[in-house]
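# Structure assessment
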Amino acid sequence: MRRLPIRSLTGLAAIGLLALTGCGTDTGGASVNPAAAGSADRTVRAQKVIQLTKVHPETGMTLLEGPTFDADGNLLVVDVTAPAGEPKVLRVDVRKKTSHQLHTDDRGTYTSAQFSPYDGRVYLTDFSHGEIVSLAPDGSDPRTFFSGEVDGAPMNPDDLAFDRDGNLYISDSRGMSEGEAKGRVIRIDREGKNATVLADELAAPNGISFDTEYRGLWVSELTQNRVSYLLLDGKGEVASQHTAIRVNGGIAQTDSIAVDADGNLYQALHGRPAMAVYDRHGERLATIEVPARAAEGLESATNVAITPGGTKAYMTVSGPAGGYLYTFDALAKGVRQSNGG
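A brief structural summary. Here the structure is a predicted model, which is why all the values come from computation and not from measurement.

### Thoughts on the overall build of the protein chain
If you tally the helices and strands in the protein chain, you get 2 helices and 28 strands. Burial analysis of the protein chain (341 residues in total) assigns 61% to the buried set.

See the structure below:
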């Protein structure tokens, strides 16, 4: 998910809200084949689908995140900075280009959404309150799944990923507002009872996604513009950890991560309405961007969901111009790792 500059975070914290601080050319209707194109890094222009939100006067911004498809093919999107009473989770019919409120409340600052393979509920990370909240697929029956400290420190949960059994893996951006490398990756069992720190001393961890084999986790560290790889030992613990990709983002920083069926990484960028695509070996394959003529007032692309079993991708983009969905053809088909988080 995307983050805002530290000064913006400080201002939002004061009002109880935190937003996380996002060759040839193809059109959004054409898929990218780097080998056939003869270029290792192509630019793909995404196309606008719908504007979902405007800047909220109460918070001074709007910030879309966490796109995830439900069982009916609708796209759920969270608005991180929505004030009390405004839609905090929206359900979007991408075919009809319509949306409606799925959930709101008077306190949550939700930064990601994903459906559990264990119980089928949608899980939300509440950055401000250090909680994980779950909803029924229709938005009813809100429950606090997890809250409280982990190893003596509260969480600032950003993105999440599920393993095959429904256990949660959370990027905890603790220390971000202070500019300190206190971030963690936390595992919470599917019952919400046991929380374990898998990695610490990370620089504002943001995106988190399993690789295609569920052997390890890709984790983006926003303030270092790098993607780390955490190899798991098969028992839920980390066997090794290393820097896998250093993102040359210029003024932009690493936000959320999605992974397609071929193992390609879609790295969202805070500070530019674009995503960088890498293969599993760290080679940059493509840059997905909002066309220049439409980019004014759009500051970040926070996340993406690729249609399960298809290649149609939907990217959340936000800025002073509002919150939008943009679409493009992904390099490979969508799987669980490219559907929310």
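### A few points about the sheet that holds strand β19 (residues 216-221)
Pairing within the open sheet is antiparallel, and its 4 strands lie in the order β18-β19-β20-β21. In this open sheet, the two edge strands, each paired with only one partner strand, are β18 (205-210) and β21 (238-246). For this sheet, the mean inter-axis angle between neighbouring strands, taken without regard to orientation, is 20°.

### Brief notes about the side chain of Asp279
Mapped onto the elements, Asp279 comes out in the loop between β24 (274-278) and β25 (284-289). Although Asp279 is buried, it makes no salt bridge; Arg280 carries the closest opposite charge, 7.7 Å away. Engagement of the side chain of Asp279 in a polar contact is seen with the backbone nitrogen of His281, the distance being 2.9 Å. Leave out the neighbours within four places in its chain, and Asp279 touches Gly263, Asn264, Leu265 and Leu285.

### Observations regarding unusual backbone geometry
We note that Asp151 has phi near 50°; this positive angle belongs to a residue other than glycine. Along the chain, Asp151 falls in the loop between β12 (149-150) and β13 (153-154). Relative accessible area serves as the criterion here: at 66%, Asp151 is assigned to the exposed category.

### So, the side chain of Ser256
Locating Ser256 in the fold gives a position in strand β22 (residues 253-259). The buried category is assigned to Ser256, whose relative accessible area is 0%. Separated by 3.3 Å, the side chains of Ser256 and Asp255 make a polar contact.

### Quick word on the nonpolar core
In terms of nonpolar packing, the biggest core is built from 24 residues, with Tyr266, Met275, Ile288, Val304, Met315, Tyr326 and Phe328 touching the most fellow members. Secondary structure elements with two or more residues in this core: β23 (265-270), β24, β25, β26 (300-306), β27 (312-319) and β28 (322-329).

Definitions and limits used
- Residues numbered from 1 in each chain as written.
- Predicted model: local features only at pLDDT ≥ 70, side-chain atom pairs only at ≥ 80, totals over all residues.
- Heavy atoms only, no water.
- Helix = DSSP H or I, 4+ residues; strand = E, 2+ residues; numbered from the N terminus.
- Buried < 20%, exposed > 50% of the residue type's maximum accessible area, 1.4 Å probe, protein only.
- Pairing = 2+ DSSP bridges.
- Axes fitted to C-alpha atoms, helices over the stretch in contact; angles between N-to-C directions.
- Lys, Arg positive; Asp, Glu negative; His and termini not counted.
- Salt bridge = Lys/Arg side-chain N within 4 Å of Asp/Glu carboxyl O.
- Polar contact = N/O pair within 3.5 Å; in protein donor to acceptor, adjacent residues only side chain to side chain.
- Contact = heavy atoms within 4.5 Å.
- Core = buried A, V, L, I, M, F, W, Y, C linked by side-chain atoms within 4.5 Å.

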